[in-house]
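So the chains spell out like this:
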Amino acid sequence: MENRMQGFIRISKYAGMRNDLAQAGGGNTSVKLDDRVMLVKSSGFQLADVSEDSGYTKIDYRMIVDYFQENVRADRQSVPAEADAFTEDTGKKLLQEAQIEGGRASIETFLHAITGKYTLHSHPALVNILTARAGGMDVLHTLFPEAVLVPYRKPGAALAKAYYKRYCGQQAQGADGSVIFLENHGLVVSGDSADQVIGCTEEILQKIADYLQLPYEACPNATKLWDAFAEIPGLKDKIVYLSENSFLSRNGLAQAVLKEEKWNQAFCPDCIVYGSKRPLFLADDFSAADLTAFIKKNGIPAMICFRGYFYILAESVKKAQEIENVMSFAAQVQAANLSHEMNYLSEGQQDELLNWDAEKFRRQL
Ligand SMILES: [Zn+2]
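Quick word on the overall build of the protein chain
Scanning the protein chain from N- to C-terminus turns up 16 helices and 12 strands. By its C-alpha atoms, the protein chain is 80 × 40 × 35 Å across when sized along the principal axes. Counting every position in the protein chain, which comprises 365 residues, the buried fraction comes to 52%. As displayed, the protein chain has an accessible area near 17,000 Å², and 49% of this comes from carbon and sulfur atoms. Each charge class in the protein chain can be summarised by its mean position, and for the 38 positive and 47 negative side chains these summaries are 1 Å apart.

What follows is the structure, encoded as structure tokens:
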């Protein structure tokens, strides 16, 4: 039980911290605890904020599966009339009846009822380049012949119906149903473990990136950094967020500051409070020891520079965006001062701004 909860949180954070996979409150995750109960991310919650205590709804998914088997089966003669009876209202009622506890269940809960143990439904930019392109679904079929393809339907009852029929239809032909593409919408991946779901999602994205000849490195590196930091005691619950701010971009002002080896954010209190003492610059082949050595010396970094991109280590996406805001400002101030001498806060003044918890944490390592 505990492990399934951890796996559920893991896939939720994995997708939630990645702008390329889930935007705003989009996307959702689930885990089946037994042959009846499923946890699914609640409506109105951000994926990265899912925790043991909040962000999910407990659902009797068996009730949903039984309903669909009874009423929406693709191979049933009686289907047309009965399937039409599955309207938005019937869908909402079914969801209410199936809800055991927790916040409001998402209308996309139906997408999770029939899939494997762990399920991640995301809205990846790379996938939607093809699901929204004329002829793109055919390309996806060629690239992933095993995948289930679902034509566009309005999210809710209409999508649930089309989804169920396609899923069962293709499963009858031998597909395992672990990968599903939704036209003009996104991707559903399920598997027996959290790592299997993440690995499969990554493989799909890499394959599409190769097909489209698009660079795909900065986003998965956020996940790589996240995994590295999760090994450090006390940092397990943090997220790693790739900055897409233009001033902090590869070609933005930050690069000018970096090139001159002049990145020093210690010119104002907010930069220290939000951005920590200094950014962590990681080599391509960094090791776990590099992370602990940096933390011992400078405390937990907020900004990490890796392979030309900036990543932010924070408690939540919201917090990461606040840090990004302040660091974007810091890059602008520094860049405009490249040919001037700047006055910085002393080490003592910097320490004064950082709280004692951070100090204590540093000494524990
Ligand atoms: Zn969706």
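Let's talk about the pattern of salt bridges
If you walk through the whole model with that rule in mind, you get 16 salt bridges. Measuring nitrogen to oxygen at the nearest pair gives 2.8 Å for the salt bridge that ties D20 to R18. Here the two residues D20 and R18 agree in accessibility, since each one is buried. E217 is the partner of R307 in a salt bridge, and the nearest nitrogen-oxygen pair spans 2.1 Å. Here R307, found in the loop between β11 (303-306) and β12 (309-314), pairs with E217, found in the loop between α9 (194-212) and α10 (218-230); they are 90 residues apart in sequence, far enough to count as distant.

Here's the deal with the pairing of β12
Within β12, five of the six residues are buried, which leaves it mostly tucked inside the rest of the structure. Bridging between strand β9 (residues 239-242) and β12 involves four bridges; their strand directions are antiparallel. Residue Y241 lies in a different strand from β12, and its bridge partner there is I312. By the bridge criterion, four bridges tie β11 to β12 in an arrangement that is antiparallel. For M303, the partnering residue across the bridge sits in β12 and is I312. Here β11 folds back onto β12, and the loop between the two strands holds two residues, one of which, R307, carries a positive phi near 50 degrees.

Digging into the coordination of the zinc ion
Coordination of the zinc ion by the protein involves E108 (OE), H121 (NE2), H123 (NE2) and H185 (NE2), with metal-donor separations of 2.1 to 2.2 Å. In this structure, the zinc ion is coordinated by four donor atoms arranged in irregular fashion, with angles at the metal of 86 to 152 degrees. If you list the donors of the zinc ion from N- to C-terminus, the spacing comes out as E-x12-H-x1-H-x61-H. With H121 in strand β5 (residues 118-122) and H185 in the loop between β7 (179-182) and β8 (186-191), this residue pair connects regions lying 64 residues apart in the sequence.

Some details on the nonpolar core
Core analysis: the largest hydrophobic core is formed by 88 residues, its most contacted members being F181 and W263. A domain split of this core shows at least three residues from each of domain 1 (2-216) and domain 2 (219-364). Contacts of F181, omitting those with residues within four sequence positions, involve V127, M137, L140, F144, A147, V148, L149, V150, G186, L187 and I204. Grouped together as the second largest cluster of nonpolar side chains are 30 residues, I59, L94, F110 and L182 included.

Remarks on the packing of aromatic side chains
Per the stated rule, a full pass over the model turns up 12 aromatic pairs. Note on Y67 and F68: the rings are 6.1 Å apart at their centroids and 75 degrees apart in plane angle, and the pair reads as edge-to-face. Where F68 meets F86, the ring centres are 5.1 Å apart and the plane angle is 65 degrees; that geometry is what we call edge-to-face. Of this pair, F68 sits in helix α2 (residues 61-71) while F86 sits in the loop between α3 (79-84) and α4 (88-98), placing them 18 residues apart in sequence. Using a relative accessible area of 2% as the deciding quantity, one classes F86 as buried. Every member of this aromatic cluster is reached through a ring pair, and the members are Y67, F68, F86, F110 and Y164. Above the plane of the ring of Y61 lies K32, whose end atom (NZ or CZ) is 5.4 Å from the centre.

As for the sheet that holds β12
The sheet built from four strands is open, its strands ordered β9-β12-β11-β10 with mixed pairing. In this open sheet, the two edge strands, each paired with only one partner strand, are β9 and β10 (280-282). The average angle at which neighbouring strand axes cross in this sheet is 30 degrees, direction not considered. Set on the sheet, helix α14 (residues 317-336) makes contact with β9, β11 and β12; between it and β12 the angle comes to about 130 degrees.

Let's talk about helix α8 (residues 157-172)
The first and last C-alpha atoms of α8 sit 23 Å apart over 16 residues, in line with the 22 Å expected at 1.5 Å per residue. Looking at α8, one finds that the buried residues are A157, L159, A160, K161, A162, Y163, Y164, Y167 and Q170. Of the residues one or two after α8, G174 is the one with positive phi, at around 105 degrees.

Here's the deal with the sheet that holds β5
The strand order β4-β3-β2-β1-β5-β8-β7-β6 describes an open sheet built from eight strands, whose pairing is mixed. Of all strands in the sheet, those with a lone pairing partner are β4 (99-102) and β6 (148-150), marking the two edges. Direction aside, the axes of adjacent strands within the sheet are offset by 15 degrees on average. One ladder, built from five bridges, connects strand β2 (residues 37-41) with strand β3 (residues 56-60); its direction is antiparallel.

Here's the deal with helix α13 (residues 288-298)
Here α13 has its buried residues at L291, F294, I295 and N298. The arc that holds the buried residues of α13, viewed along the axis, is 95 degrees, so those residues lie on one side. Of the exposed residues in α13, the ones pointing more than 90 degrees away from its buried face are A289, K296 and K297.

What counts, and at which threshold
Residues numbered from 1 in each chain as written. Predicted model: local features only at pLDDT ≥ 70, side-chain atom pairs only at ≥ 80, totals over all residues. Heavy atoms only, no water. Helix = DSSP H or I, 4+ residues; strand = E, 2+ residues; numbered from the N terminus. Buried < 20%, exposed > 50% of the residue type's maximum accessible area, 1.4 Å probe, protein only. Areas by Shrake-Rupley, 256 points an atom, 1.4 Å probe, with all protein chains shown as cover. Lys, Arg positive; Asp, Glu negative; His and termini not counted. Charge placed at Lys NZ, Arg CZ, Asp CG, Glu CD. Salt bridge = Lys/Arg side-chain N within 4 Å of Asp/Glu carboxyl O. Pairing = 2+ DSSP bridges. Donors = N, O, S within 2.8 Å, 3.2 Å for Na, K, Ca; no water. Tetrahedral: all angles 85-135°; square planar, octahedral: opposite > 155°, others 65-115°. Core = buried A, V, L, I, M, F, W, Y, C linked by side-chain atoms within 4.5 Å. Domains from an automatic or database assignment. Contact = heavy atoms within 4.5 Å. Phe/Tyr/Trp six-rings, centres within 6.5 Å; stacked < 30°, edge-to-face > 60°. Lys NZ or Arg CZ within 6 Å of the ring centre and 35° of its normal. Axes fitted to C-alpha atoms, helices over the stretch in contact; angles between N-to-C directions. Expected span 1.5 Å × (residues − 1). Arc of directions from axis to C-beta.

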